[in-house]
Amino acid sequence: MGSSTGVMGGAVTHGGQVDSELACPVSPVVDIVFSRWTTPILWTLNEFGRQRFVELQRNIRTITPKVLTQRLRQMERDGLIVRTYHPEVPPRVEYEISDLGRSLAPIFAHLADWSAGNLHKVERARREFDQADERASAPR
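For every chain, the first residue of the written sequence is number 1, and numbering continues from 1 onward in sequence order. Only residues with pLDDT of at least 70 get local features here, since the model is predicted, and only at 80 or more are side-chain atom pairs given and counted; chain-wide, interface and lining totals rely on the full set of residues. To obtain the side-chain values, all non-hydrogen atoms of the structure were included, while hydrogens and water were left out.

Trainee: Is there a simple way to explain helix α5 (residues 65-78) in this structure?
Mentor: Because each turn of an α-helix spans 3.6 residues, side chains separated by three or four positions in sequence point in the same direction. For α5, which comprises 14 residues, the first-to-last C-alpha distance of 20 Å matches the rise-based estimate of 20 Å (1.5 Å per residue) to within 8%. Relative accessibility decides the category of a residue: with a 1.4 Å probe and only protein chains considered, values under 20% of the type maximum give buried, values over 50% give exposed, and everything between is partly exposed. Going along the chain from the N terminus, every DSSP run of H or I of four or more residues is numbered as a helix, and every run of E of two or more is numbered as a strand. All of the buried residues in α5 are Leu68, Arg71, Leu72 and Met75. Seen end-on, α5 carries its buried residues on one side only, within an arc spanning 100°. Residues Lys66, Arg73 and Arg77 are exposed on α5 and point more than 90 degrees away from its buried face. Considering only its buried residues, α5 is in contact with α2 (27-33), α3 (38-48), α4 (53-60), β5 (81-86) and β6 (92-97). Multiply 1.5 Å by the residue count of a helix minus one, and that product is the helix's expected span. The directions considered for the arc run from the helix axis to the C-beta atoms. When checking whether two residues touch, look at their non-hydrogen atoms; a contact exists if any pair is within 4.5 Å.

Structure representation (structure tokens):
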């Protein structure tokens with residue numbers, strides 16, 4: 001149990017520990033793109049184009065203003081959206097998907113296709129699992 005370095009399935013290990021980013025190189029992408037509200041925001045901006053804050057909130061519905069503000073700031077920082085401030089009276093701010101954010105559209109399209117073809121299978125598996133779990137835990 002030394003501090004040897006080895007390779008396990010392409011992931012570098014240090015003393016038996018797997019570097020999670022090397023074990024799953026998409027983890028950082030998942031953290032950025034598939035957080036709770038990022039996906040609906042990107043989807044909405046891609047589908048409907050440039051929008052003001054209230055339009056985004058109206059289109060997403062269940063997001064709170066505080067959370068929308070936080071996610072928009074983070075997504076702007078990550079380069080996924082562009083925020084445009086118009087110095088008018090009253091000031092106007094618009095958000096649109098950036099080229100980097102738009103480059104995710106094929107991934108979302110594949111996920112939508114997968115969802116259409118497989119989500120019913122996931123639901124069936126969940127029902128079967130829950131039914132088996134209920135039978136196993138039922139008093140005899």
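Trainee: Explanation requested: unusual backbone geometry in the structure shown.
Mentor: What is expected of a backbone is that most residues other than glycine have negative phi and most peptide bonds are trans. A cis amide bond links Val89 with the next residue in sequence, Pro90, at an omega value of -5°. For Pro90, the position within the fold is in the loop between β5 and β6. With phi around 70°, Arg61 is a residue other than glycine that occupies positive phi space. With respect to the helices, strands and loops of the structure, Arg61 is situated in the loop between α4 and α5. Residue Arg61 is classed as exposed on the basis of its relative accessible area of 70%.

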